[in-house]
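Analysis of the macromolecular model
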Amino acid sequence: MQYPQWIWQNGAIKPWAEATTHVMSHALHYGSSVFEGIRCYDTASGPAIFRLNDHNRRLYLSAKIHEIDIPYSLEQINAACREVIAANNNTTDYLRPVAYRGLGGFGLSAETPVDVAVATWKMGKYLGEEALENGIDACVSSWQRFAPNTIPAGAKAGGNYLSGTLVAREARRLGFGEGIALASTGLLSEGAGENLFLVFDGALHTTPVSAALLNGITRNSIITLAREAGLEVFERDLPREYLYLCDELFMCGTAAEITPIRSVDGRQVGAGKAGPVTRRIQELFFGLFDGSTPDRHGWLEAV
């Protein structure tokens, strides 16, 4: 992988190779970090960051849950995101703000400084260049999401992604494009790092935030755009077998964007390709960046 030249760390732009942290940092041992993933898109008006403020607001909410006191304001982190994209000549399309407990005392409850960085790199299509067009084959993972009142799924925290890593690596090992996890209830939760939408009779159905999932900003964007376009959207508990019975199925997230799923566990979903509702959602979402979908909510922020 070719890394970009510049990164923002603890208040300043510096060369990528100089953005270091100690091997005994709290976050490395205990997963005590919170982060965001944000896309920057090319538009007719120049590079624009998608829902920058909403993403970074969630960064602070995640930090609040885990009692991580970020030593910068929301406005400063937003500015850092714009600054690091510009420093790299607007050639990157993904942002990663991260706040983490650094080197200090030892032990789970140790007091440590909180370090903050904003990285950016060229991600491209997370699940493959052809995934948005042709879809992927997915499987239901043998790994379940954490039960309620154990680890807060509503925080986008580093430690939470050990769960997603197990789901994703199992899927790749078995030859699938991505894994789907069940909640501790046995009902559907989400993908390894993506939310799920099922289509029945032209309506969208998605699992609720109580199903041990992160309330994705792309998920929220799709719900908003779909309802404004006259599509019905239901947030509801869904059993596993509905993955095999739905007319269409897709994953969504900042990295995955809107990725159709053509089969689950070797069973073809619908026509085995992106259906008309999935295509419509892709048109509405990507239309925000080519101008065909009006940005009624001010989601695009110029670099």
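Just so it is clear, the model here is predicted, and its values are computed rather than measured. Residue positions within a chain follow its written sequence, with the count starting from 1. A pLDDT threshold of at least 70 governs which residues receive local features in this predicted model, and a stricter bar of 80 or more applies before side-chain atom pairs are shown or counted, although totals over entire chains, interfaces and linings include all residues. For side-chain calculations, the full set of non-hydrogen atoms in the structure is used, while hydrogens and water are omitted.

Describing the side chain of serine 33
The secondary structure listing takes helices from DSSP runs of H or I that are at least 4 residues long and strands from runs of E that are at least 2 residues long, numbered from the N terminus. Along the polypeptide, serine 33 turns up in strand E3 (residues 33–35). Discounting chain neighbours no more than four positions away, the residues touching serine 33 are Ala27, Ile68, Val98, Ala99, Tyr100, Lys156, Ala157 and Gly158. Note on contacts: a residue pair qualifies if any of its non-hydrogen atoms lie within 4.5 Å across the two residues.

Some points on the packing of helix H6 (residues 217–228) against helix H8 (residues 276–290)
Angular values range over 0 to 180 degrees, each being the angle between N-to-C directions of two axes fitted as lines to C-alpha atoms, with helices fitted over their stretch in contact. The geometry of H6 relative to H8 is characterised by a closest axis approach of 10 Å and an angle of 110° between their N-to-C directions. It follows that H6 is roughly perpendicular to H8 by the angle criterion. Contacts from Thr218, Ile222, Leu225 and Ala226 of H6 reach H8 at Ile281, Leu284, Phe285 and Leu288. An angle below 35 degrees is read as roughly parallel, one above 145 as roughly antiparallel, one from 65 to 115 as roughly perpendicular, and any other as oblique.

Description of the packing of aromatic side chains
In this analysis, rings of Phe, Tyr and Trp, with Trp reduced to its six-membered ring, are considered paired at centre separations within 6.5 Å, and the interplanar angle assigns stacked below 30 degrees, edge-to-face beyond 60, and tilted for intermediate values. On inspection of all chains with the given rule, the structure shows 13 aromatic pairs. Where tryptophan 8 meets tyrosine 72, the ring centres are 5.3 Å apart and the plane angle is 70°; that geometry is what we call edge-to-face. You can see tryptophan 8 sitting in strand E1 (residues 6–9) and its partner tyrosine 72 sitting in the loop between helix H2 (52–65) and helix H3 (74–87), a full 64 residues away along the chain. Accessibility expressed as a relative area gives 4% for tryptophan 8, which makes it buried. Here the aromatic cluster, defined as three or more aromatic residues joined through ring pairs, consists of Tyr41, Phe50, Phe285, Phe286, Phe289 and Trp299. The positively charged end of arginine 267 is found above the aromatic ring belonging to tyrosine 244, 4.2 Å away from the centroid. Exposure categories follow from relative accessible area, calculated using a 1.4 Å probe and restricted to protein chains: below 20% of the type maximum is buried, above 50% is exposed, and the middle band is partly exposed. For a lysine, the NZ atom is tested; for an arginine, the CZ atom; a charge sits over a ring if that atom is within 6 Å of the ring centre and within 35 degrees of the ring normal.

Remarks on H2
Residue pairs three or four apart in sequence face the same way in an α-helix, which turns once every 3.6 residues. In this analysis, the expected span of each helix is defined as 1.5 Å times one less than the number of residues it contains. An ideal rise of 1.5 Å per residue puts 20 Å on 14 residues; H2 measures up with 20 Å between its terminal C-alpha atoms. Burial in H2 covers these residues: Leu52, His55, Asn56, Arg58, Leu59, Ser62 and Ala63. The arc that holds every buried residue of H2, seen down its axis, measures 150°, which confines them to one face. Glutamate 67 lies just past H2 and shows a positive phi near 55°. Our arc is simply the arc of the directions from the helix axis toward the C-beta atoms.

Observations regarding the packing of H2 against H3
As a packed pair, H2 and H3 sit with axes 10 Å apart at the nearest point and diverge in direction by 130°. Taken as axis vectors, H2 and H3 run oblique relative to one another. When you trace H2 past H3, the crossing you get is right-handed. Side by side, H2 and H3 meet where Leu52, Asn53, Asn56, Arg57, Leu59 and Tyr60 of the first sit next to Leu74, Ile77, Asn78, Cys81 and Arg82 of the second. Residues are grouped as follows: nonpolar covers Ala, Val, Leu, Ile, Met, Phe, Trp, Tyr, Cys and Pro; charged covers Asp, Glu, Lys and Arg; every other residue, Gly included, is treated as polar. A per-class count over the contact of H2 with H3 returns six nonpolar, three polar and two charged. In this scheme, a crossing is called left-handed if the near helix is turned counterclockwise away from the far one by less than a right angle; it is called right-handed if the turn is clockwise.

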